[in-house]
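If you want the building blocks of each chain, they are given just below.
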Amino acid sequence: MNLNKKCMLYYPEIEKIRDNTLSNSILIAPDSVSIPASIDDVSWISLADKLKEKGFDVIFNCNNKERFKNYKKNFWDIKTTIQKINNMKAFIGYRSGLTDVIGAFCRETKQYIIYPEERYTFNADYVGTFKNKKESIEAYFNFCSIKNNFNNNLVNEYIYNKDVFDTILDEIV
């Protein structure tokens, strides 16, 4: 594109909406196309059940009507997703392209992003660069950090482990 290296990033304006009906809602985005799933649907439902018990309205970002049967599901276009999330209590997502978009454009809602516990994206040529698996996972986490890449202090990031949902629950409430 022949852009100058000092060229500023430009984020297009997205019209803000006010929707007070979403102020107690949490959108969960459990899927990613670029990395394999580390978290099964049963675990996501367990998280949703705990959020519901605490009085939150849980919505899954999902277009499959058969998944997450007892919960609302929506699969809005990107603009609508940004507008809706900016009116919600929180967004919880498995690391994906959608979480990048949310991190860049959603500046009014806390975000909880879960990174995979395995290193999937590094080229095999780089495997020898790291001393161990933990170091390679942390390198991926740091390089792909939405919080840092988009300078967004509303983003909270975690590498998946068995206690991550409890940590997120404690922070939301």
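Scope of this entry: the structure provided in the associated data block.

Rules behind the numbers
- Residues numbered from 1 in each chain as written.
- Predicted model: local features only at pLDDT ≥ 70, side-chain atom pairs only at ≥ 80, totals over all residues.
- Heavy atoms only, no water.
- Core = buried A, V, L, I, M, F, W, Y, C linked by side-chain atoms within 4.5 Å.
- Buried < 20%, exposed > 50% of the residue type's maximum accessible area, 1.4 Å probe, protein only.
- Helix = DSSP H or I, 4+ residues; strand = E, 2+ residues; numbered from the N terminus.
- Contact = heavy atoms within 4.5 Å.
- Pairing = 2+ DSSP bridges.
- Axes fitted to C-alpha atoms, helices over the stretch in contact; angles between N-to-C directions.
- Disulfide = S-S within 2.5 Å.
- Parallel < 35°, antiparallel > 145°, perpendicular 65-115°, else oblique.
- Left-handed = near helix turned anticlockwise from the far one by under 90°.

## Re the nonpolar core
Then step 1. Within the largest apolar cluster, 46 residues are counted, with the highest numbers of intra-cluster contacts made by Ile-28, Trp-44, Leu-51, Phe-60, Ile-92, Ile-168 and Ile-172.
Then step 2. Element by element, the count of residues in this core is highest for helix H6 (residues 164-172), at 5 residues.
Then step 3. Not counting residues within four places of it along the chain, the set of residues in contact with Ile-28 comprises Trp-44, Leu-47, Ala-48, Leu-51, Val-58, Ile-59, Phe-60, Asn-61 and Ile-92.

## Description of the sheet that holds strand E6 (residues 155-159)
Then step 1. Read across the sheet, 6 strands follow the order E3-E2-E1-E4-E5-E6 without closing on themselves; strand pairing throughout is parallel. Only two strands of the sheet have a single neighbouring strand rather than two, namely strand E3 (72-74) and E6. Taken pair by pair, the neighbouring strands of this sheet meet at an average axis angle of 20°, ignoring direction.
Then step 2. Pairing of strand E4 (residues 90-94) with strand E5 (residues 110-115) involves 5 bridges; the strand directions are parallel. Across the sheet, residue Phe-91 finds its bridge partner in E5, namely Gln-111.
Then step 3. In this fold helix H3 (residues 97-105) packs onto strand E1 (25-29), strand E2 (57-61), E4, E5 and E6, with an angle of close to 150° to the strand it touches most, E4.

## Brief notes about the state of the cysteines
Then step 1. Under the criterion given, the structure shown has 0 disulfides.
Then step 2. Looking at Cys-106, it has no disulfide partner, and the nearest cysteine sulfur is the one in Cys-62, 19 Å off.
Then step 3. According to the relative accessible area criterion, Cys-106 is buried, its value standing at 0%.

## Observations regarding the packing of helix H1 (residues 41-53) against H6
Then step 1. Between H1 and H6, whose axes approach to 11 Å, the crossing angle comes to 25°. Considered as vectors, H1 and H6 are oriented roughly parallel to each other. In the packing of H1 onto H6, the handedness of the crossing is right-handed. Across from Ser-43, Trp-44, Leu-47, Lys-50 and Leu-51 in H1, the residues of H6 making contact are Phe-165, Asp-166, Leu-169 and Ile-172.

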